[in-house]
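A structural walkthrough
Letter by letter, the chains look like this.
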Amino acid sequence: MAKAKYKRGKDGFFRTKIWDGTYNADGTKHRKNLSSDKSSADLERQVNALKNQVAQAAYVPPADILFPDYARQWLKVYKASCGDKTIEMYDRIIEKHLAFLDSVRLQDIQRIHFQQAINNAMEHPRTCEQISLTFRQIVKSAIRDRLLPQGAFELVCEGITSPRYRAPEKRPLTPLERAVIPKTDFSPRERCFVYLIYGCGLRREEALALKPSDIDWGRRTIRISRALIFLDNNGKIKETKSANGVREIPMPSFLSAFLQSYAPGCGDGHLIRKLDGGAITKSSYRKMWESIIRKMNAAAGGTKASPIICDLTAHVFRHNYCTQLCYHIPEISIKKVAQLMGDTERMVLDVYNHILEERENTVETVENAIHF
């Protein structure tokens, strides 16, 4: 007869401790107490069942952590390396759009909670997209942390109805907008910013981070290696959006000529700063941009009541830069366009392929390429 694996205690129970797949705060394995008043074999069945659940990541220990509390821990621990703007977005979603779940335990989260969060922001498709992104990542993380069962993602996150977000259609500058730029009565600071984003296709945050020391007068290039983003109202210097963002861009002659007279007056500071000389803030940038649009409208013949130039953003200038370069392919390669933009070739192809197709003359090309 096989010897019993477990011995009955004085209280009549067979007992043992088994690792449940989780860890204590000090890093040691957390073990669950198992017992049976029937037999050693019955306890052994319980042990084997728990071991199988742990091996299959199916066992979820009881936990009283609330959903928003876990979401905050997730943001703090797992998203610590994200950019400031991304962290700011996650924090806004958790504190504003998931706050109604403040009394719901993580283990009690259901699909109805996800759908309710979407419903509360249904009039704002972009926000719904961000809620969906955040909620799904939190649930996936909780599964990996063994706080939710493996099947939780499908049960909680599938079948959610959300409005479709359509990104604003990108456009280049109109012929009128391009024509009025050199004619507009900009201040030196305004002209510097407009010339930078028009002549080099810079992102707003890249242009705001530039200093005179970034200009190579001999090679007539500008080196992009930093970005200035706004947190609340204040600016903060950070790395470029990606590794591709670090690059050198040739300056068109009009920009080089302007900067030769403008840059020396900036000393060691940024090319674009507040009127009092201090670091530019979000509010001071907004006032500068409003002034730029107002003056361009006046130069185009528009009025405050009847503006001619509308919906013009700094990104339109960047899109215009890339569009104009794409019209000069193959004089310039797609690879070089991507390098100048600080993006990938895939991005250039995805966004600007229609321009390349417009310029194709298939009949003539085939005739010239295939002949006797």
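That block above? That's the structure.
Residues numbered from 1 in each chain as written. Predicted model: local features only at pLDDT ≥ 70, side-chain atom pairs only at ≥ 80, totals over all residues. Heavy atoms only, no water.

1. Some thoughts on the pattern of salt bridges
Defined as follows: Any carboxyl oxygen of Asp or Glu that lies within 4 Å of a side-chain nitrogen of Lys or Arg is treated as forming a salt bridge with it. Each residue's exposure class comes from its accessible area (1.4 Å probe, protein chains only) as a fraction of the maximum for that residue type: buried when under 20%, exposed when over 50%, partly exposed otherwise. Helix numbers and strand numbers start at the N terminus; a helix is a DSSP run of H or I with at least 4 residues, a strand a run of E with at least 2.
With the rule as written, the count across this model stands at 17 salt bridges. The shortest N-O distance in the salt bridge between D108 and R105 comes to 2.9 Å. Looking at D108, the relative accessible area reads 35%, which means it is partly exposed. A residue is classified by how much of its surface remains accessible, and R105, at 27% relative accessible area, is partly exposed. Close ionic contact of R126 with E129 constitutes a salt bridge, the shortest N to O distance being 2.2 Å. Here R126 and its partner E129 are both found in helix α5 (residues 125-144), three residues apart, which amounts to about one turn of the helix. Residue E129 is classed as partly exposed on the basis of its relative accessible area of 35%.

2. Side note on the packing of helix α2 (residues 67-78) against helix α3 (residues 84-97)
Note the following rule: Axis definition: a line fitted to C-alpha atoms, over the contacting stretch in the case of helices. Angles run 0 to 180 degrees between N-to-C directions. With respect to orientation, any angle under 35 degrees is reported as roughly parallel, any angle over 145 as roughly antiparallel, any angle of 65 to 115 as roughly perpendicular, and every other angle as oblique. Throughout, a residue-residue contact means that at least one pair of heavy atoms, one from each residue, lies within 4.5 Å. Lys, Arg, Asp and Glu make up the charged group, whereas Ala, Val, Leu, Ile, Met, Phe, Trp, Tyr, Cys and Pro make up the nonpolar group; the residues left over, Gly among them, are polar.
Two elements in contact, α2 and α3, have axes whose closest approach is 10 Å; the angle formed by their N-to-C orientations is 175 degrees. In terms of axis orientation, α2 runs roughly antiparallel to α3. From α2, P68, A71, R72, W74 and L75 reach across to α3, where they touch I87, Y90, D91, I94 and E95. Along the lines of polarity and charge, the residues of the contact of α2 with α3 split into seven nonpolar, no polar and three charged.

3. With respect to the sheet that holds strand β4 (residues 221-224)
Strand pairing in a sheet relies on backbone hydrogen bonds. The paired strands run either parallel or antiparallel. This is how it is decided: Any two strands with at least two DSSP-identified bridges between them are counted as paired.
Taken in spatial order, the three strands of this open sheet run β3-β4-β7, and their pairing is antiparallel. Two strands close off the open sheet at either side, each with one partner strand: β3 (215-216) and β7 (247-250). As paired strands, β3 and β4 are joined by two bridges and run antiparallel to one another. Bridge pairing in β4 places D216 opposite T221.

So, to be careful, I would describe these as geometric facts and stop short of saying anything about function.
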